[in-house]
Amino acid sequence: MSTALVRRPTEEAAVRAASREARALPPMQMILADLLTANRAGDRHGANLCAHLAARAAGEVGE
């Protein structure tokens, strides 16, 4: 039995569309509020995601 990957045309179109358009970032206050919530809840993964998003929104990293 073959385990070949089945490519779907809609999947390729979605990837192309996502790579073409820039996503708008939420306001910094919302990102920091989510970061605080993740820290209080003990959600290390969520806190990490919010911290990286905050750095990106502040313009500290290249895109």
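Heads up: these notes are all about the structure in this document. (Residues numbered from 1 in each chain as written. Predicted model: local features only at pLDDT ≥ 70, side-chain atom pairs only at ≥ 80, totals over all residues. Heavy atoms only, no water.)

## Description of helix H1 (residues 9–20)
Turning to step 1, where the next piece is worked out: For H1, built from 12 residues, the straight-helix expectation of 16 Å at 1.5 Å per residue is met to within 8% by its first-to-last C-alpha distance of 17 Å.
Turning to step 2, where the next piece is worked out: Little of H1 sits inside the fold, with zero of its 12 residues counted as buried. (Helix = DSSP H or I, 4+ residues; strand = E, 2+ residues; numbered from the N terminus. Expected span 1.5 Å × (residues − 1). Buried < 20%, exposed > 50% of the residue type's maximum accessible area, 1.4 Å probe, protein only.)

## Focus on the environment of Ile 31
Turning to step 1, where the next piece is worked out: Within the secondary structure, Ile 31 sits in helix H2 (residues 28–41).
Turning to step 2, where the next piece is worked out: Setting aside chain neighbours within four positions, we find Ile 31 in contact with Pro 26, Cys 50, Leu 53, Ala 54 and Ala 57. (Contact = heavy atoms within 4.5 Å.)

## Observations regarding the environment of Ala 58
Turning to step 1, where the next piece is worked out: With respect to the helices and strands, Ala 58 occurs in helix H3 (residues 44–58).
Turning to step 2, where the next piece is worked out: Classification of Ala 58 as partly exposed rests on a relative accessible area of 45%.
Turning to step 3, where the next piece is worked out: Along the primary structure Ala 58 and Met 28 are separated by 30 residues, whereas in three dimensions their C-alpha atoms are 7.9 Å apart.

## Some thoughts on the packing of H2 against H3
Turning to step 1, where the next piece is worked out: At a closest axis distance of 8 Å, the pairing of H2 and H3 adopts a crossing angle of 160 degrees. As far as their axial angle goes, H3 and H2 are roughly antiparallel. Handedness of the crossing formed by H2 with H3: left-handed. On H3, the residues that touch Met 28, Ile 31, Leu 32, Asp 34, Leu 35, Ala 38 and Asn 39 of H2 are Gly 46, Ala 47, Cys 50, Ala 51, Leu 53, Ala 54, Ala 57 and Ala 58. (Axes fitted to C-alpha atoms, helices over the stretch in contact; angles between N-to-C directions. Parallel < 35°, antiparallel > 145°, perpendicular 65-115°, else oblique. Left-handed = near helix turned anticlockwise from the far one by under 90°.)

## Brief notes about the environment of Asp 34
Turning to step 1, where the next piece is worked out: When you line up the elements, Asp 34 lands in helix H2.
Turning to step 2, where the next piece is worked out: Residues Asp 34 and Cys 50, spaced 16 residues apart in sequence, show a C-alpha to C-alpha distance of 6.8 Å.

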